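# Breakdown of the fold
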Amino acid sequence: MSFPQDTKHESQPSDIEKLDADQTQLAELALPAFDDPNIDKNEAIAGILEDDSPYPEVRSAVANTDDPDIPCNTFRAWTLGLIWAIIIPGLNQFFFFRYPSVTVTGIVGQLLIFPLGRAWARFLPNIKILGVEVNPGPFTIKEHVLSTIMASVGYSSAYATDIIAVQRVFYNQTFNFSYQWMVVMSTQLIGFSVGGIARRFLVQPPSMIWPTNLVTCALFNTLHAQTYAGVGNRGGLSRERFFFYAFAASAIWYLLPGYLFQALSYFSWVCWIAPDNIPLNEMFGYVHGMGMSLITFDWAQIAYIGSPLATPWWAEANIVAGFVFFFWFLTPVLHFTNTWSSKFMPISSRGSFDNTGHAYNVTRITNPDTTFNQEEYDAYSPLFISTTFAISYGLSFASITATLTHAFLYFRKQIWTQARRAMHEQPDIHARLMAHYPQVPEWWYAIIFVIMFVFGIVSIEVWETKFPVQWFILALVIAFFYVIPIGMIQAITNQQVGLNVITELIIGYALPGRPVAMMMFKTWGYITMAQALTFTSDFKLGHYMKIPPRAMFWGQVVATVIAGTVQLGVQAWMFTNIPDMCSPDQKDGFICPGTETFGTASIIWGVIGPARQFSKGQIYYALCLFFLVGFICPVITYALSLKFPNSWLRYLNFPVIFSGTGYIPPASAVNYVPWAIVGFIFQFVVRRRHFSWWTKYNYVLSAALDSGVAISAVLIFFVLQYPKNGTIGVGLQNWWGNTVMWGTADGRGTPLMKVANGDFFGYVLVTFRRMSSFTDSLDI
């Protein structure tokens, strides 16, 4: 009888229903607990089906396998890591005080460690020292990762070293090395303890992809992979060969915009046409203008704010939209209507001005003990800043409130889920593979925090800093409070919201007239958060590359301590042995531009105080409205996204819009618009139309371009520019046009040296050098 058969058939789900149920279950496993603009439902399901990450960009750069037996925490890895943890931070600290400066980045260490590790494995005998093998076999990818993290965790100048330099240069305070060491260690490592605790929010979830790490992972896999790793086409040019071709091309090309034809870097062609037209130069100039000339052939300019091949396209679109509105529309409107008396100043400048349009002389308003003198201030002038500088402050205000609102509206479920969830319950393959390794106990981080907290209290209480302990605690509370929301935004968008301005604002109102206290509050409030996210980013790199967490912990802590100590030693040596250190006319260029900026900020915010600039009735009071704007904007977009869940509104991210232009000034359109154009080509067009090529080569190309430019820039400085009285640089210039040295006599590009013998190539070089000076006519 057919009836019972029909009843049975109707009571069972159909194949289509089963497929839909399976798809729904897979989607629940693959999709995060918030509306992630990086996610693609079909790609996420494909990743789960392949037992891989739900994000194709992660699958393209990170292998979904692991061999726990690969050597990692070896004598060789520690030796190479510590050597470069001394060399790279020491060099960067030395050149930090020089203008122009050279920065040796972590990617340089990554490239240089690789051949050293291979040479070690090949030539050194495998003897034992205290029972530890010196040469345990081939140099492994995990050893390389651990060494690179140790070399790069403290590669840049520690923020707190500027406190010490400013105290010496501006306030004639030279405290002993114990004070300096405790301040640097405390500011560097308190953030480490916070980052370790936050790892379940920012490392374990697969949605926290940390895009910059994908470039590093792609380079590691390219250098070490014996077989293809990642999704995409296995055929064609190998990743390794592609990397070296792109690396060589970028290194060679950078000689042109970086040294020979610098006009290719600042291709300010409109300013060449009318160099004396001030409004035109304000719009099209690069240095003191809005940079509407747009063209650059310099990857260093394009990647100045980060690699466009690593940042998701939707985030780049948010940033460039914010740039266009705030700096190409609002800034010219305010400037040319003379708001804040702005027409008497450059439209874009990092400096401060008095009521005559000259540079603000802060010594006129301070007493001999650096405290504020109200009578002299009233007799002198209020402080004025350029329109772009003022807008950048307003956007910093907006980003602070927008970050909290956005995090609550979009990430509250994710934060609550991660707060309750054990780390081994994470769904993606990388978390499951990392679960095989012993995790770092929470009390290890707690011990680091307690020690560094004590260092902080001792340094501010034993020495005369005028910084109350309760404000030190408040600075840490601010940093802790913002780590998770700012970290989630950075992990998703590759953009970090800074806390430097808001910390300056708070302490400036609370403790006016105390510049050292202002610098300390700013450092502990801002750098604690920034260091926490630096360590967290490294943890994510270790998570991707399957580095044992305990090896990561000790490698980061020890390398940070060594790097900070080396930087303090280099700084002390420089101030002792370099004559006229930090003076404007120092003969070797050690004029300390960063220290000057930091010190000026300490007087503006710590001596004058924000109450005389941003309170009601003061000149920049209107900028406080940005706090309200930042609070409201995410609410509006969230409400609209609920009504139109599948529209483009889900990609609007106001913390990114407000904070993405944080490099302005000194950055301009040449750093933003070409960056967004390159990002659109590779992250949108190529990704959609040539997905197989993109998955195989995109991050490798980014690593090649970044590393090629970095290596070339270092060589240019040490071989061609720095030995200005030697033979190498002069010899090249003599070969290229029979010239000796180049410069400008009047700021308009007039060559100091004439071309000998009518040499054609020398004429070309003079022409390009002359064009290089026309960044805008205001740069005189």
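Residues numbered from 1 in each chain as written. Predicted model: local features only at pLDDT ≥ 70, side-chain atom pairs only at ≥ 80, totals over all residues. Heavy atoms only, no water.

## Details of the packing of helix 8 (residues 161–169) against helix 25 (residues 549–577)
Contact geometry for helix 8 and helix 25: axes closest at 11 Å, N-to-C directions at 20°. By the angle between their directions, the pair helix 8 and helix 25 is classed as roughly parallel. Helix 25 is crossed by helix 8, and the crossing has right-handed handedness. Between helix 8, through Thr161, Ile164, Ala165, Arg168 and Val169, and helix 25, the contact on the second element is made entirely by Leu568, Gln571 and Phe575. Residue composition of the contact of helix 8 with helix 25, by class: five nonpolar, two polar and one charged. (Axes fitted to C-alpha atoms, helices over the stretch in contact; angles between N-to-C directions. Helix = DSSP H or I, 4+ residues; strand = E, 2+ residues; numbered from the N terminus. Parallel < 35°, antiparallel > 145°, perpendicular 65-115°, else oblique. Left-handed = near helix turned anticlockwise from the far one by under 90°. Contact = heavy atoms within 4.5 Å. Nonpolar A, V, L, I, M, F, W, Y, C, P; charged D, E, K, R; others polar.)

## A closer look at the state of the cysteines
Every disulfide links exactly two cysteines, by a covalent bond between their sulfur atoms. For the coordinates displayed, the defined rule picks out one disulfide. Between the sulfur atoms of Cys582 and its disulfide partner Cys592 the distance amounts to 2.0 Å. Judged by the sign of its S-S torsion, about -80°, the bond between Cys582 and Cys592 is left-handed. In this pair, Cys582 is assigned in the loop between helix 25 and helix 26 (593–608) and Cys592 in the loop between helix 25 and helix 26, connecting sequence segments 10 residues apart. There is no split in this pair, since Cys582 and Cys592 are both buried. (Disulfide = S-S within 2.5 Å. Buried < 20%, exposed > 50% of the residue type's maximum accessible area, 1.4 Å probe, protein only.)

## Remarks on the confidence of the model for the protein
Looking at the protein as a whole, its pLDDT mean stands at 78, while 81% of the residues score no less than 70. This stretch, residues 725–763, has a pLDDT under 50; its non-local contacts, to residues over four places away or in other chains, come to 62 contacts. Segment residues 768–780: pLDDT under 50, and 45 contacts once partners within four positions in sequence are set aside and those in other chains are kept. (pLDDT = per-residue confidence, 0-100.)

## Thoughts on the environment of Phe326
Among the structural elements, Phe326 can be located in helix 17 (residues 313–336). Taking relative accessible area as the criterion, Phe326 reaches 9% and is therefore assigned buried. Measuring from C-alpha to C-alpha, the distance between Phe326 and Thr388 comes to 8.9 Å, with 62 residues separating the pair along the chain. Those residues in contact with Phe326, other than ones at most four positions away along the chain, are Thr331, Ile391, Leu395, Phe626, Ile657 and Phe658.

## Description of a nonpolar patch on the surface
A cluster of nonpolar side chains, contributed by Ile83, Ile86, Ile87, Leu91, Leu715, Phe718 and Val719, occupies part of the molecular surface with about 520 Å² of accessible area. At the level of secondary structure, the elements contributing two or more residues to the nonpolar patch comprise helix 5 (75–96) and helix 31 (691–721). Looking at which element gives the most residues to the nonpolar patch, the answer is helix 5, with four residues. Topologically, Ile86 is positioned in helix 5. Judged by relative accessible area, which is 41%, Ile86 ranks as partly exposed. (Patch = residues over 30% accessible without salt bridge, like charges linked within 9 Å, V, L, I, M, F, W, Y side chains within 5 Å. Areas by Shrake-Rupley, 256 points an atom, 1.4 Å probe, with all protein chains shown as cover. Salt bridge = Lys/Arg side-chain N within 4 Å of Asp/Glu carboxyl O.)

## Points about the packing of aromatic side chains
Under the counting rule described, the total for this entry stands at 52 aromatic pairs. Ring geometry for Phe243 versus Phe247: centroids 5.9 Å apart, planes at 25°, classification stacked. You can see Phe243 and its partner Phe247 sitting in helix 12 (residues 239–253), four residues apart, about one turn around the helix. Relative accessible area serves as the criterion here: at 1%, Phe243 is assigned to the buried category. One aromatic cluster is present, built from ring pairs that chain together Phe192, Trp443, Trp444, Tyr445, Phe535, Phe539, Phe553 and Trp554. Seen from the ring of Phe598, Lys522 lies directly overhead, with NZ or CZ sitting 4.6 Å from the centre. (Phe/Tyr/Trp six-rings, centres within 6.5 Å; stacked < 30°, edge-to-face > 60°. Lys NZ or Arg CZ within 6 Å of the ring centre and 35° of its normal.)

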